[in-house]
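Now for the letters of each chain:
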Amino acid sequence: MKDDKYRILVVDDEKDICSALEFLLKRRGYQVDVANDGATALEMIRRNAYDLMVTDLKMEKMDGLELIRRSREISEDLITVMMTAYASVESAVEAMRLGASDYIVKPFVNEDVTITVRRLLEHKRVLVENEALRRQLSQVVGARNFIGDSPSLRRIMDLLEKVIPTKSNILVLGESGTGKGMIAEVVHYGSPRRDKPFMSINCSAIPETLLESELFGYRKGAFTGASGDKTGLLVMADEGTLFLDEIGDMPLAIQAKVLKVLETGEVLPLGDTRVRKIDVRVIAATNKDIARLISEKLFREDLYYRLNVFEITLPALRERPEDLRILAHHFAERFASEAGKKGLGISEEALQAMLGYPWPGNVRELRNVIERAVVLCQEDQIRVEDLPDKVREHEALKGQTLKDLLNNFERQVILDALDARGWNKEKTALALDVDVATLYRKMKKLGIGLDKA
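Residues numbered from 1 in each chain as written. Predicted model: local features only at pLDDT ≥ 70, side-chain atom pairs only at ≥ 80, totals over all residues. Heavy atoms only, no water.

Right, let's talk about the side chain of Thr241 for a bit. With respect to the secondary-structure elements, Thr241 resides in strand β10 (residues 241-245). The exposure class of Thr241 is buried, given its relative accessible area of 0%. A distance of 2.7 Å separates polar atoms of two side chains, one belonging to Thr241 and the other to His188. (Helix = DSSP H or I, 4+ residues; strand = E, 2+ residues; numbered from the N terminus. Buried < 20%, exposed > 50% of the residue type's maximum accessible area, 1.4 Å probe, protein only. Polar contact = N/O pair within 3.5 Å; in protein donor to acceptor, adjacent residues only side chain to side chain.)

Written as structure tokens, this is what we have:
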């Protein structure tokens, strides 16, 4: 959903604050309405469908806590953010208990407001997109709605049916694109915690200092720039589930702190002296070789055992070719329906070409290839000509030596990684888990232009 599709209600009895927030959020592309008291806000919520409400805590006649409580009686799906100049742990906890998703402190920093709003709306978008999944997984048997019928996938489904109802932590292993995030959602929305928060964070996408504050939160003044209190994801996920994606990239210092939380069930925000008791189920995932990381002292063995109560290893798509046909037809039907091309099929030649391709991006790459083919297809079937060059041309590589095949495969993986990151060598090296010098050496060896922007 685009930003201009989101509708936000700002409630504050200080008109200047309302005007400032209205200007700030409209500049980010949101639709914004304002109300200067709780009664007006409730009437507006009855008449309009808002995605998010930002409300002040201290207001005459009806304060923010009462407004949150009464607004949830009207719209359970409304995301609420508490805004106050009277920040305290007690008011924040009460706001969260009544259904607030987060809170910000006045005087606020513009970027803090926009980041909070964007994060909460993005989370809502994910929930909306997975509404069908949540309905299917209202019972444990719903986990069988994974698409595929290979023996390896059936074994995973059998294990999930046993694991989902428990409180046990889970470690999900597998290459990028195999569906590790989907496993986390299946576990949460099929478990007794389904009505509690599902929070997720990608440990490889955030700098170490920011990752720590995102996980643990902080108190005002904990460090330069900490202009107000921030609730960490561990606390926000209390009684629910926290998904730690790409945990193999988590810095050792933060690993130690996460381990302590798992051992004690207590969180200490940065700059605070009081701990918060939490009950959180942790699902971690990585595409890295954890055993190697442990042997190289890059991942704590004790944390590994805390996370790995149950281990689920997702097979690569090339290891379950019997599922490729099912997935290809599923994606074709889905995208054809969206494009108004119902009844679109896939030719056997196209399927054979796809079966011969190694799919380094796994299911995610297959989905993108089929979506592209549906757009390009001009007949009643997706044909070989509608597939990308890398899929069509892979067939021609079969007559080559093993060395040639490996070089061509490695070359294509590097090219895909470079293209995905705008040919930024540092980011590409990080994504491929090699140092920059190794990447340059391989590019030179494989004839990939070093001078390309």
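With that out of the way, let us pick up the packing of aromatic side chains. Using the criterion set out here, one finds six aromatic pairs in the structure. Relative to Tyr305, the ring of Tyr304 has its centre 5.1 Å away and its plane inclined at 65°; by these criteria the two rings are edge-to-face. A residue is classified by how much of its surface remains accessible, and Tyr305, at 53% relative accessible area, is exposed. (Phe/Tyr/Trp six-rings, centres within 6.5 Å; stacked < 30°, edge-to-face > 60°.)

Okay, the side chain of Gln255 next. Note on placement: Gln255 falls in helix α11 (residues 252-264). Dropping the residues within four chain positions of it, Gln255 is found in contact with Met250, Leu298, Phe299, Arg300 and Leu303. (Contact = heavy atoms within 4.5 Å.)

Their axes nearest at 10 Å, the elements helix α2 (residues 38-47) and helix α3 (residues 64-74) cross at an angle of 15°. Comparing the axis directions of α2 and α3 gives the class roughly parallel. As α2 packs across α3, the resulting crossing turns out to be right-handed. Between α2 and α3, the contacting residues are Gly38, Ala41, Leu42, Ile45 and Arg46 on the first element and Leu67, Arg70, Ser71 and Ile74 on the second. For the contact of α2 with α3, the class distribution of residues is five nonpolar, two polar and two charged. (Axes fitted to C-alpha atoms, helices over the stretch in contact; angles between N-to-C directions. Parallel < 35°, antiparallel > 145°, perpendicular 65-115°, else oblique. Left-handed = near helix turned anticlockwise from the far one by under 90°. Nonpolar A, V, L, I, M, F, W, Y, C, P; charged D, E, K, R; others polar.)

A few words on the pairing of strand β1 (residues 7-11). Within β1, four of the five residues are buried, which leaves it mostly tucked inside the rest of the structure. Pairing between β1 and strand β2 (residues 31-35): five bridges, direction parallel. The partner of Val11 across the bridge, within β2, is Ala35. Crossover β1 to β2 through helix α1 (residues 15-27) is right-handed. (Pairing = 2+ DSSP bridges. Right-handed = clockwise from strand over helix to strand, strands pointing away.)

The five strands are arranged β7-β10-β13-β6-β14 in an open sheet whose pairing can be described as parallel. Bordering the open sheet on either side are β7 (198-202) and β14 (310-313), each of which pairs with just one other strand. Across the sheet, the mean angle separating the axes of adjacent strands is 15° when strand polarity is ignored.

Considering all chains together, one arrives at 28 salt bridges under this definition. Arg46 is the partner of Glu43 in a salt bridge, and the nearest nitrogen-oxygen pair spans 3.5 Å. Placement of both Glu43 and Arg46 in helix α2 is noted, with a separation of three residues, approximately one turn of the helix. The class of Glu43 is partly exposed, set by a relative accessible area of 35%. Linking Asp302 and Arg300 is a salt bridge whose minimum nitrogen-to-oxygen distance equals 2.8 Å. Given the relative accessible area of 33%, Asp302 is considered partly exposed. (Salt bridge = Lys/Arg side-chain N within 4 Å of Asp/Glu carboxyl O.)

Between its first and last C-alpha atoms α11 spans 19 Å; for 13 residues at 1.5 Å apiece the expected length is 18 Å, and the two agree. Buried within α11 we find Ile254, Gln255, Val258, Leu259, Val261 and Leu262. In an axial view of α11, the angular spread of the buried residues amounts to 160°, which keeps them on one side of the axis. Positive phi shows up at Gly265, right after α11, with a value of about 70°. (Expected span 1.5 Å × (residues − 1). Arc of directions from axis to C-beta.)

Counting residues in hydrophobic clusters, the biggest one holds 34 residues, and the most contacted among them are Leu215, Leu242, Leu244, Met250, Val258 and Phe299. At five residues, the largest contribution of residues to this core is made by α11. Residue contacts for Leu244: discarding those within four places in its chain leaves Ile201, Cys203, Leu215, Met250, Val258, Val282, Ile283, Ala284 and Ala285. Counting residues in each nonpolar core, the second largest holds 26 residues, with Leu317, Ile346, Leu351 and Met354 among its members. (Core = buried A, V, L, I, M, F, W, Y, C linked by side-chain atoms within 4.5 Å.)

Three or more residues of α2 are buried, namely Gly38, Ala41, Leu42, Met44 and Ile45. Buried residues along α2 cover an arc of 160° about the axis, so they all sit on one side. Contacts made by the buried residues of α2 are with β1, β2, β3 (52-56) and α3. Backbone nitrogen of Ala39 and a side-chain oxygen of the N-cap are separated by 3.2 Å at the start of α2; the cap is Asp37.

For the rest of this paragraph, the subject is the sheet that holds strand β4 (residues 79-84). Judged by pairing direction, the sheet is parallel, and its five strands sit side by side in the order β2-β1-β3-β4-β5 without closing on themselves. Edge positions in the open sheet fall to β2 and β5 (102-105), since each of these has one partner strand only. Across the sheet, the mean angle from the axis of one strand to that of its neighbour is 20°, orientation sign disregarded. Sheet analysis places β1 next to β3, joined by four bridges and oriented parallel.

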